[in-house]
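In case you want the letters, here they are:
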Amino acid sequence: MSIQSESVAEEEEIEEIGFNQLAQNPPAPADELFDISTTVDPSYVISLIRKLLPPTMNNNNNATATSHVKILENKCHIMDGSSSSNDHENNVMGPSVGIDSWEEHGCILWDLATSRTHAEFMVQNLVLEVILATLMVSQSPRVTEISLGIIGNLACHELSRKQIANVKGLIEIIVDQLFVDDTPCLCEEFRLLTLCLQGSEGVTWAHALQPENVLSRILWIVENTLNPQLIEKSVGFLLAISETEDDVRALLLPHLVKLGLPNILINLLAFEISKLEGDERLSERYCVLDMILRAIEVLTVIDGCAQELCSSRKLFSLLATLIKLTDKIEVANSCVTAAVLIANLLSDSEDLIIEINQDLVFLQGLLDIFPFASDDIEARNALWDVISRFLAQFQQGEMNAINLYKYISILASKSDLIEEELLDHQLASSNDDKTASARNLCIRTAALKRIEFIASQWLTTKDRVSPTNEYVVNERDLDRLKDCCRKYS
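The rules behind these values
- Residues numbered from 1 in each chain as written.
- Predicted model: local features only at pLDDT ≥ 70, side-chain atom pairs only at ≥ 80, totals over all residues.
- Heavy atoms only, no water.
- 1 Å grid on protein atoms, 1.4 Å probe; cavity = no way out; pocket = protein on both sides within 12 Å on 5 of 7 lines; lining within 4 Å.
- Points joined across faces, edges and corners; volume = space filled by probe spheres on them.
- Nonpolar A, V, L, I, M, F, W, Y, C, P; charged D, E, K, R; others polar.
- Axes fitted to C-alpha atoms, helices over the stretch in contact; angles between N-to-C directions.
- Helix = DSSP H or I, 4+ residues; strand = E, 2+ residues; numbered from the N terminus.
- Parallel < 35°, antiparallel > 145°, perpendicular 65-115°, else oblique.
- Left-handed = near helix turned anticlockwise from the far one by under 90°.
- Contact = heavy atoms within 4.5 Å.
- Buried < 20%, exposed > 50% of the residue type's maximum accessible area, 1.4 Å probe, protein only.
- Salt bridge = Lys/Arg side-chain N within 4 Å of Asp/Glu carboxyl O.

*Asks:* Go over the layout of surface pockets, please, and point to the residues and values.
*Replies:* The calculated volume of the largest pocket comes to roughly 390 Å³. Lining the largest pocket are 22 residues, with Glu297, Val340, Glu378, Ala379 and Ala382 positioned closest to its centre. Class assignment for the residues of the lining of the largest pocket results in nine nonpolar, five polar and eight charged.

The following block contains the structure:
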C-alpha cells in the first residue's frame, strides 16, 4: 500500500491517513505493483524517521543502547546539516515523542516502505539504524511490531534487504524478537525472517538462526500457538527453509528435523483437519491447512526428512480423511496437495495401501479431485497413480459380486469426470517433453486397464446382484466408461 499526495501541502493529510490506519497493518508489496510515481516531500520522510529516535538514556539504562543512540543522533545531526545542537535537538524530537505519536509516525513509514523508491530513501536516511536503536530499548509490543513491520516491508526490495544485513547488530536484535511473547510481533517477525532467508544474504541469516535455543523456540511457537495467522506465518517460514538454497537449508533443516519438525507438522495437520470435520468451518484456517500440507510435501522429497514422514501411518490416515471430505470446494487446493502427498507416500511405502483397502469413499473422493487439478499436470498424474495402486488390489485376488457392483457403480457414476480428465490430459501431454509424457502415459494406462478389468468382471457377474438404493449402475455411464478405457489406454 503506498501513499499518494499531489503536493507538499498534503503532508497533514498523509499523517491523518497513517493515523486512521493504525488498526490495520500495511501489507507487504506484491512485486513491482507499488513502484508508481508518488510525491512525498523527502524532508517529511526524514522528519518521520527522526521522530522515531528513542530518547537519550541516562547511565542506569543499557550502556550499549545509550551509546548507539548518541552516535546515531550525531549522524542525524551531520546529515541534517544543523548548525547548532539546539537546532538538532528540536529536529530529532526523540525525547519528546510519546508512544501514541511514535505509533502514528511509525505506521506512516510502514506504509511508505511498500514503495521501492521510498524504501531506498528511508534506508539512506538511517531508518534501519533508528529502528535498531528502538528495538534495543523497546518495552512496548506495539512499537516492536511496527518496527519489525517497517523492516519487513523494506525487505521486500532487494537493495533495501541487502542493507538490513549490513547494519551491525541488526540481524541479532531481530532474531532476539523471536523470544517476545506477543502474537502480532511474532507474525511480523516470521514474515521478515522468511523474506530475508530467501535473499542473497540467506546464509548470514541462517547462521544467526542456527543456535539450538533459537530453533527450539521457533518449533515451540509453531507447536503451541492457537492463532491461525501466526501458524501460517511460522509454518511459511519453515517452508521457506525447505525450499531455499541448499547451503541455507543444510544449516537449519537437519537440526529442525532432529528437534521434531516432522511430528510437529503431522500434529498441526491433525488439528486443522479436526476443525474441518467439526460443525463450523472457519475460512481463516483454510490457508493454514494449505501451508502445512505444502511444508509436508516439500519435506517428503528431501533426503533425511522423507523417511520419517513417508512411513507415518498417522499422516497417511489424515490425508485420506481429507480426500474423503464430501465438500471440497473451500479446501480444493489442500485436497490436491493431499493427493500428491499420498502418491509420494505410496511410492516410498507401498504397504500403506492397506490403510485404504476397499475404501469406497476414498475412491470417490479421489475422482472428485480431478476438476480441481485441471491446471496441474503433476497433480493429475499423482491422482492416476493413486487410483492405479488402489485398484490393483482387486487384480491380486478375487472380488465378490457385491463389491464389484459397488465399485463399478462409483466408477460409472464418475465417467463424465474421467472422460473430461482424459481429454484434458491428452491435450496437456502434447506440450510435455517426451520422457515425461511416456512416464505419465504409463501411469494413466495402468489405471485405465484396471478400470476396464473391473468393468469386464462386472459384466460376467452382474446377474447375481440385485440393485440397491445406495449403489446404482447406469448402463449409459458404464458404456461411456468402457469407451474411455479403450480409447485412451
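*Asks:* Tell me about the packing of helix H13 (residues 212-224) against helix H16 (residues 261-277), and please be specific about residues and values.
*Replies:* It is at 10 Å that the axes of H13 and H16 come closest, and there the two elements cross at 15°. What the angle tells us is that H13 and H16 run roughly parallel. The handedness of the crossing between H13 and H16 is left-handed. Here Leu219, Val222 and Glu223 of H13 come into contact with H16, specifically with Leu261, Ile264 and Leu268.

*Asks:* Residue-level account of empty space enclosed by the protein, with values.
*Replies:* Across all of its chains, the model carries one cavity of 30 Å³ or more by this definition. Lining the largest cavity are Glu272, Lys275, Leu276, Glu280, Arg281, Leu282, Arg285, Tyr286 and Leu289. Of all the elements in the fold, those that place two or more residues in the lining of the largest cavity are H16 and helix H17 (286-299). Here the lining of the largest cavity takes three residues from H16, the largest share from any one element.

*Asks:* Requested: an account of the environment of Cys484, with residues and values cited.
*Replies:* Checked against the element boundaries, Cys484 lands in helix H26 (residues 475-488). Note on Cys484: relative accessible area 4%, which makes it buried. Note: C-alpha distance between Cys484 and Glu452 (32 residues apart in sequence) is 9.2 Å. With residues up to four places along the chain from it excluded, the contact list for Cys484 reads Glu419, Leu422 and Ser489.

*Asks:* I'd like a rundown of the pattern of salt bridges, residues and numbers included.
*Replies:* Summed over the entire model, instances satisfying the criterion amount to 19 salt bridges. Between Arg313 and Asp351 there is a salt bridge, with the nearest N and O atoms lying 3.0 Å from each other. Residue Arg313 is located in helix H19 (residues 313-323), and its partner Asp351 is located in the loop between helix H20 (332-348) and helix H21 (360-369); the two are separated by 38 residues in the primary sequence. Judged by its relative accessible area of 38%, Arg313 is partly exposed. The residue Glu350 makes a salt bridge to Arg389 at a minimum N-O spacing of 3.9 Å. With Glu350 in the loop between H20 and H21 and Arg389 in helix H22 (residues 377-392), this pair connects stretches of sequence that are 39 residues apart. For Arg389, a relative accessible area of 25% translates into the label partly exposed. Taken together, the salt bridges that share partners define one network made up of Glu103, Arg142 and Glu145.

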